[in-house]
Amino acid sequence: MKTLNRTLAMFLAASSIALAVPMTVHADPMIGGMDGCRGSQGMRGEPDGLPRMFRNLKLSTAQEAKIAELRKQDAVLMAEKLKVMRDTRVQLHELLKGATYDDAKVKALTEQGALAMAEMGQLRARQHYQTMLILTPEQRKEFDAQRERMISRWEQKRQGRPSS
């Protein structure tokens, strides 16, 4: 279970680079699930548009520009995937409130939502890889050290909480 938690934490940390991208460009304020908000995290703490983990890496202006461009390139597609994920979740919730249960509709909605989630993960993974190519070896080393510290803090917070 600890290996699974660590793997999940590493995936979440790795995908954090691209996480804020769709929150900046989506047209539907309900994508994050809150009326008028940009998701649970949004762009809080990112005045320059870069994720927090890049602040201490001493990026050059050219690196910042390249990373910003990477974050923008798939932003519309990521926003569409988030919208599909949200819409299928809402439709499934409405379906389950009904008087009858329809296996075919539930299967179709869950598969559609899962496909959008998988595609979102693929987009995030590609962006993370491309972003790491922009960094120097020293910056990648510092990024990895920051990620490990973040995972450690996350695991410490998780201790004592019941597992779900």
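Per-chain numbering applies: the sequence of each chain, read as written, is numbered from 1 onward. Given that the model is predicted, a residue must reach a pLDDT of at least 70 before its local features are reported, and side-chain atom pairs must reach 80 or more before they are shown or counted; all residues, however, enter totals for whole chains, interfaces and linings. Excluding hydrogens and water, the side-chain values take into account all heavy atoms of the structure.

### Examining the packing of aromatic side chains
Next up, step 1: The pairing test for Phe, Tyr and Trp rings, Trp by its six-membered ring, is centres within 6.5 Å, and the orientation test on the planes gives stacked under 30 degrees, edge-to-face over 60, and tilted for anything in between. As enumerated under the stated definition, the model contains 1 aromatic pair in all.
Next up, step 2: Arranged with centres 5.6 Å apart and planes meeting at 35°, the rings of Phe 54 and Phe 143 form a pair that is tilted. You can see Phe 54 sitting in the loop between helix H2 (21-25) and helix H3 (61-73) and its partner Phe 143 sitting in helix H6 (residues 137-158), a full 89 residues away along the chain.
Next up, step 3: Exposed residues in this analysis have more than 50% of their type's maximum accessible area, buried residues have under 20%, and partly exposed residues fall in between, with area computed by a 1.4 Å probe over protein chains only. By relative accessible area, Phe 54 is classed as buried at 2%. Segments assigned H or I by DSSP are reported as helices when at least four residues long, segments assigned E as strands when at least two residues long, and all are numbered from the N terminus.

### A word on the pattern of salt bridges
Any two side chains of opposite charge can pair, given that their charged atoms come close.
Next up, step 1: Just to be clear on terms, a salt bridge is a Lys or Arg side-chain nitrogen sitting within 4 Å of an Asp or Glu carboxyl oxygen. Evaluated as defined, the whole model comprises 8 salt bridges.
Next up, step 2: A salt bridge links Lys 83 to Asp 87; the shortest N-O distance between them is 2.8 Å. In this pair, Lys 83 and Asp 87 are both assigned in helix H4 (residues 75-97), 4 residues apart and thus about one turn of the helix distant.
Next up, step 3: Classification of Lys 83 as partly exposed rests on a relative accessible area of 35%.
Next up, step 4: Asp 144 is the partner of Arg 147 in a salt bridge, and the nearest nitrogen-oxygen pair spans 3.3 Å. With Arg 147 and Asp 144 both in helix H6 and 3 residues apart, the pair spans about one turn of that helix.

### Here's the deal with helix H5 (residues 103-134)
The α-helix winds at 3.6 residues per turn, so residues separated by three or four positions along the chain end up facing the same way.
Next up, step 1: Helix span, as expected, comes to 1.5 Å for every residue beyond the first. Compared with the 46 Å implied by 1.5 Å per residue over 32 residues, the 47 Å span of H5 between its first and last C-alpha is a close match.
Next up, step 2: Here a polar contact means two N or O atoms within 3.5 Å. Within protein one must be a hydrogen donor candidate and the other an acceptor candidate, and residues neighboring in sequence count only if both atoms are side-chain atoms. Near the N-terminus of H5, the side chain that reaches the backbone nitrogen of Ala 104, with its oxygen 3.1 Å away, is that of Asp 102.

### Quick word on the confidence of the model for the chain
Next up, step 1: The predicted model of the chain has a mean per-residue pLDDT of 76, with 68% of residues at 70 or higher.
Next up, step 2: Each residue carries a pLDDT score, the predictor's confidence in it, ranging from 0 to 100. Any two residues whose heavy atoms approach within 4.5 Å are treated as being in contact. In this model, residues 12-45 is a region of pLDDT below 50 whose contacts with residues beyond four sequence positions or in other chains number 62 contacts.

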